[in-house]
Amino acid sequence: MAVALEVMSQFGRRSSLACPVHSYNQDRFRLRRQGTDWGRLNRQDAVNFFPSHLHDILCRDLPGERAVLQAGTGQTNNMPLEIGNGAAFVRFQGLVFEGATGSSTTNVYAWGNAHDLEFSACELRGSQRQGFFSEPSTSAIQIIGCSIHDNGGSGPSQLDHNIYIQGHEHLLANCRIVNAPNGSNVQIYPSSDRMIVTQNTIVGARLDGIIVGSDGGGTTNNLTIVNNVIAYNNRYGISTYWGGTIGTGNLATKNVGYGNTSGQFVGNGITYSLNTVADPRFVDRAQGNLHVQLGSPAVDMGKIEYSLPDDLDGAGRPQGTGPDAGTYER
Ligand SMILES: [Ca+2]
């Protein structure tokens, strides 16, 4: 798989990219601004451009704008972003990744030894297959405060997921993850270690809210799923599939599960503790408003050790007597 990164602004006239990144697959990286091809950047260009930020690069939208990174067409540039071997300490903020095409594709593809990446306040939408995909060799990827929705639908039945995550020490937090029409919202499989999934609202997958598992030589160990609201998925809230070794050290606690068609918290290889099965009382699920009403079981039930300093709207956490489960604090 390969990529071309094209950057366009929804607002048309200005670029929305504050800086180019340097850590990339340098033979396959391209920036486009208002139809003007900046050409391929090589590593030295980037070093000259940001000499003091060689190992701490921020790639974000400009104030008031929202950059959209789209896939091209064809197998050589079918993913909006590929970030691989040698990429580290890069933060992507406020960007939209959309429209990955092809038979094996994803809006964001992390591979090789890519590590210490951050995606915050981003949106991943409309991929033909996966929304986000990371290989088992990646580590320390943080996906925080993102909206990840409506990815998948063109792959084999049940094999497209909003997030298909593998690797070590990843964090998935404060995200709104909804509508996976051909799979699960989050698939943690088949190989990961020490991942944390906290304070997400996970709704409306064809299959599970979160599925955890193994296959071949890998397995999923030391996973913590905490402070999430997982509701109205069309199979389980959380479930497991162990095609290989059953994982150890996996814990799901302080989550709210409700309305998942086949069951809420099931499967061996995870210790379930102190989860709640009750209606989270979304404000208006039909209209996509997944804030919770007063009296929701999600309110104040979260573990403070896994709570972020603010919610998806930027409101401070915790409000009231404790942090809420899910993406929104009240
Ligand atoms: Ca609260």
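Residues numbered from 1 in each chain as written. Predicted model: local features only at pLDDT ≥ 70, side-chain atom pairs only at ≥ 80, totals over all residues.

S.K.: How should the overall build of the protein be read in this particular structure?
M.R.: Looking only at helices and strands, the protein has one helix and 32 strands in total. Residue burial in the protein is summarised as follows: out of 330 residues, 51% are buried. Pairs at least 24 residues apart make up 70% of the contacts formed inside the protein by residues separated by at least 6 positions. (Helix = DSSP H or I, 4+ residues; strand = E, 2+ residues; numbered from the N terminus. Buried ≥ 20, exposed ≤ 12 C-beta atoms within 10 Å, placed from the backbone. Contact = placed C-beta atoms within 7 Å.)

S.K.: Before we go on, may I ask you to explain the nonpolar core in this structure?
M.R.: Here is a general trend for soluble globular proteins: nonpolar side chains tend to be buried in one another's company. Core analysis: the largest hydrophobic core is formed by 73 residues, its most contacted members being F132 and I210. The contact partners of F132, leaving out residues within four places of it in the chain, are T106, N107, V108, L124, I143, I148, I163, Y164 and I165. (Core = buried A, V, L, I, M, F, W, Y, C linked by C-beta atoms within 7 Å.)

S.K.: So what exactly am I meant to see when it comes to the environment of T261 here?
M.R.: Among the secondary structure elements, T261 is positioned in the loop between β27 (256–258) and β28 (263–265). We classify T261 as exposed; it has 11 C-beta atoms within 10 Å. Residues T261 and Y232, spaced 29 residues apart in sequence, show a C-alpha to C-alpha distance of 6.9 Å.

S.K.: I would appreciate a short explanation of the environment of N113 in the present structure.
M.R.: Here N113 lies in the loop between β9 (106–110) and β10 (115–120). Here the alpha-carbon distance between N113 and S139, two residues 26 residues apart in the chain, equals 7.2 Å. If we skip the residues at most four places from it in the chain, N113 touches N85 and S137.

S.K.: Sorry, what's going on with the confidence of the model for the protein here?
M.R.: Interpretation of the predicted coordinates at a detailed level should be avoided for regions scoring low in pLDDT. Looking at the protein as a whole, the pLDDT averages 83, with 79% of positions reaching at least 70. Counting contacts from residues 1–55, a segment whose pLDDT is below 50, to residues more than four positions away or on other chains yields 104 contacts. (pLDDT = per-residue confidence, 0-100.)

S.K.: What is the right way to read unusual backbone geometry from this model?
M.R.: Where the residue is not glycine, phi is negative for most of them; where a peptide bond is considered, it is trans in most cases. Going from Y189 to P190, the amide bond is cis rather than trans, its omega being -5°. Among the structural elements, P190 can be located in strand β18 (residues 186–193). For K254, which is not a glycine, the phi torsion comes out positive at approximately 60°. Following the sequence through the fold, K254 ends up in the loop between β26 (251–253) and β27. Under the C-beta neighbour-count criterion, K254 is labelled buried, with 22 such atoms within 10 Å. In this model, R281 sits at a positive phi of 60°, which is unusual for a non-glycine residue. Checked against the element boundaries, R281 lands in the loop between β30 (276–277) and β31 (282–284). For R281, a count of 17 C-beta atoms within 10 Å corresponds to the partly exposed category.

S.K.: Is there a simple way to explain the pairing of strand β20 (residues 201–205) in this structure?
M.R.: On any regular strand, side chains alternate: one points to one face of the sheet, the next to the other face. For β20, the tally of buried residues reaches five of five residues, placing the bulk of the element in the interior. Of the pairings in the sheet, the one linking strand β17 (residues 176–180) to β20 comprises four bridges and is parallel in character. Its bridge partner being in β20, I177 is matched across the sheet by I202. Pairing between β20 and strand β24 (residues 229–231): three bridges, direction parallel. Bridged to V203 within β24 is A231. (Pairing = 2+ DSSP bridges.)

S.K.: Explanation requested: the environment of F133 in the structure shown.
M.R.: Within the fold, F133 resides in strand β12 (residues 130–134). Look at F133 and you get buried, because 26 C-beta atoms sit within 10 Å.

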